[in-house]
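Inside the fold
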Amino acid sequence: MSPAPATRLERSVWGAAILCFALASATGVLLRYGFAHGLPFSLVPGDVRHSHSHLMFFGWVTPMLMLFLLRQRGGPRHGWLLFSTFVFALASWWPFLVSGYGMMTIFGRYLPVSMIVSGLNGLAWYAFMAVYRAGGGSRPHSAYGSAATGLLLASSAGVVALAYAGMTGAGPVYISAFAQFFLDLFAEGWFGLGLLAIAYSLRPGLEKSRAARMGLVFVVVGLLLRCTADAFVSLGFTGLTPLTLAGSAFAGMGLLAALVPLWRSQPTAPLSLWHLVYVLMGLKAGVDLLSSQPLAAAFIEGAALRIFFLHAYLLGAITIGLVAAARSLWGSTAFRLPWLLAAAALAMTASLLPLTGLWPVAWRGRWALELAWWLSMLPVAAVAASLLARFAGRRAPPADAESPS
């Protein structure tokens, strides 16, 4: 598929998403600073982490996937819908920062503001799903796009449960279980399948391959099984643990199968961002397969590797994948210096290794927290450098796109 110049709406949405990414990344820098030196203004690390992750989810990845999937359909882009996601995403940043999933005093009333605003984000998602399913485009729905929106709908049940838990004063165990259900299904279902839908759209006809179709079924079944069983296990139904392990196995096998046609169709030279995206998603699939084994799952949990793998997937595969998609669709001017961002994402992710159980105890020290803080600034710096390069090169002839072929 040949790149085409971005429309005014597409440029605006892309720019707003980049700014949300920068703010969310800066919040992550604040979190790492807090681990090393303590947080100012009585902020709590868990609350800052929620503010960072939710803005990444709501204001960076979600509106871009919506835009790409609507573009893939060939119908209207619905600017009102896309920009409402930014409004609600930014509205969630401050409540999560200062109160997490707790209460805030608003106009003299004690309210679960962060969960209420999360519900408003859910309204934008429902509007998108209705628009996407209603059609109006010149091209049919893709199987991966439909599955991604389906898992977005399923994950929203966690948001509804969270809002109910907040209003009824449910304990932290319930809030944690519902939040984990939502975040896991949202990140791995909506994000993962949404990005794969875009990747497959750049290779017309490839989605109909047997590996692609089987992989999709396995991923959907595996994620629904694992996330649902895991939520019940968190609530005390430990007898469902085998279903959690089985779900991880299905999800890992499905993701590997879905990646095979894409990898095989990608030319070996020149090296592109998509190569890196597929490698990082393959790593995610490998972790899912390992997590299906009780001993391996216990080791990953005990060694505190979850945060490391989460960044490799979200900051690595998903973020770099969105940049690769933008460059493939709109040309390389959509994001200058993409490999600088990729290097920054990998360096920051690597800086988390000394904080895990894989790192020898004798080599640990305060320096690891300092390193994680300093390197967390790299993605923000890479975005700033890209924007400066874009402004500086506006009058230069456009470079080649990040071609999928």
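Use the structure listed above.
Small disclaimer: the values here were computed from a predicted structure and weren't measured.

What counts as what
Residues numbered from 1 in each chain as written. Predicted model: local features only at pLDDT ≥ 70, side-chain atom pairs only at ≥ 80, totals over all residues. Heavy atoms only, no water. Core = buried A, V, L, I, M, F, W, Y, C linked by side-chain atoms within 4.5 Å. Buried < 20%, exposed > 50% of the residue type's maximum accessible area, 1.4 Å probe, protein only. Helix = DSSP H or I, 4+ residues; strand = E, 2+ residues; numbered from the N terminus. Contact = heavy atoms within 4.5 Å. Patch = residues over 30% accessible without salt bridge, like charges linked within 9 Å, V, L, I, M, F, W, Y side chains within 5 Å. Areas by Shrake-Rupley, 256 points an atom, 1.4 Å probe, with all protein chains shown as cover. Salt bridge = Lys/Arg side-chain N within 4 Å of Asp/Glu carboxyl O. Expected span 1.5 Å × (residues − 1). Phe/Tyr/Trp six-rings, centres within 6.5 Å; stacked < 30°, edge-to-face > 60°. Lys NZ or Arg CZ within 6 Å of the ring centre and 35° of its normal.

Digging into the nonpolar core
- By size, the foremost hydrophobic cluster in this structure holds 94 residues, and its most contacted members are Trp14, Trp60, Met64, Phe128, Trp190, Phe191 and Trp330.
- For this core, the element with the most residues is helix 6 (residues 172-201), which contributes 15 residues.
- When near neighbours in sequence (up to four residues on either side) are disregarded, Trp330 contacts Pro3, Ala4, Pro5, Ala6, Glu10, Trp14, Met64, Leu67, Phe68 and Arg71.

As for a nonpolar patch on the surface
- The grouping of Leu120, Leu123, Tyr126, Leu153 and Val160 at the surface amounts to a nonpolar patch, some 440 Å² of accessible area in total.
- At the level of elements, helix 4 (113-134) and helix 5 (143-168) are the ones that each hand at least two residues to the nonpolar patch.
- Structurally, Val160 can be placed in helix 5.

A look at helix 3 (residues 79-99)
- The first and last C-alpha atoms of helix 3 sit 31 Å apart over 21 residues, in line with the 30 Å expected at 1.5 Å per residue.
- If you check which residues of helix 3 are buried, you get Gly79, Leu81, Leu82, Ser84, Thr85, Phe86, Ala89, Ser92, Pro95, Phe96, Leu97 and Ser99.
- Summarising the contacts, the buried residues of helix 3 are in contact with helix 1 (8-37), helix 2 (45-73), strand 1 (104-106) and helix 4.
- Looking one or two places after helix 3, you find Gly100, whose phi comes out positive at around 60°.

Points about the environment of Gly331
- Tracing the backbone shows Gly331 in the loop between helix 11 (306-330) and helix 12 (338-350).
- Given the relative accessible area of 8%, Gly331 is considered buried.
- Distance in space between the C-alpha atoms of Gly331 and Thr27 is 30 Å, their sequence separation being 304 residues.

Concerning the packing of aromatic side chains
- Applying the stated criterion across every chain yields a total of 28 aromatic pairs.
- Measuring from centroid to centroid gives 6.3 Å for Tyr174 and Phe178, while their planes differ by 50°, and the two rings are tilted. Here the residue Tyr174 and the residue Phe178 both occupy positions in helix 6, the gap between them amounting to four residues, near one helical turn.
- You can call Phe178 partly exposed: its relative accessible area is 22%.
- Summarising the aromatic geometry, the rings of Phe232 and Phe237 are spaced 5.8 Å apart at their centres and angled 80° between planes, so their arrangement reads as edge-to-face.
- Residue classification places Phe237 among the partly exposed positions, given a relative accessible area of 48%.
- Each member of the aromatic cluster is reached from another via a ring pair, and the members are Phe57, Phe58, Trp125, Phe182, Phe186 and Phe191.
- One cation-aromatic arrangement involves Lys284 over Tyr313; the distance from NZ or CZ to the ring centre is 5.6 Å.

Description of helix 1
- Over its 30 residues, helix 1 runs 43 Å from end to end, which matches the ideal 44 Å to within 8%, given 1.5 Å per residue.
- A positive backbone phi angle near 95° is found at Gly38, which sits one or two residues after helix 1.

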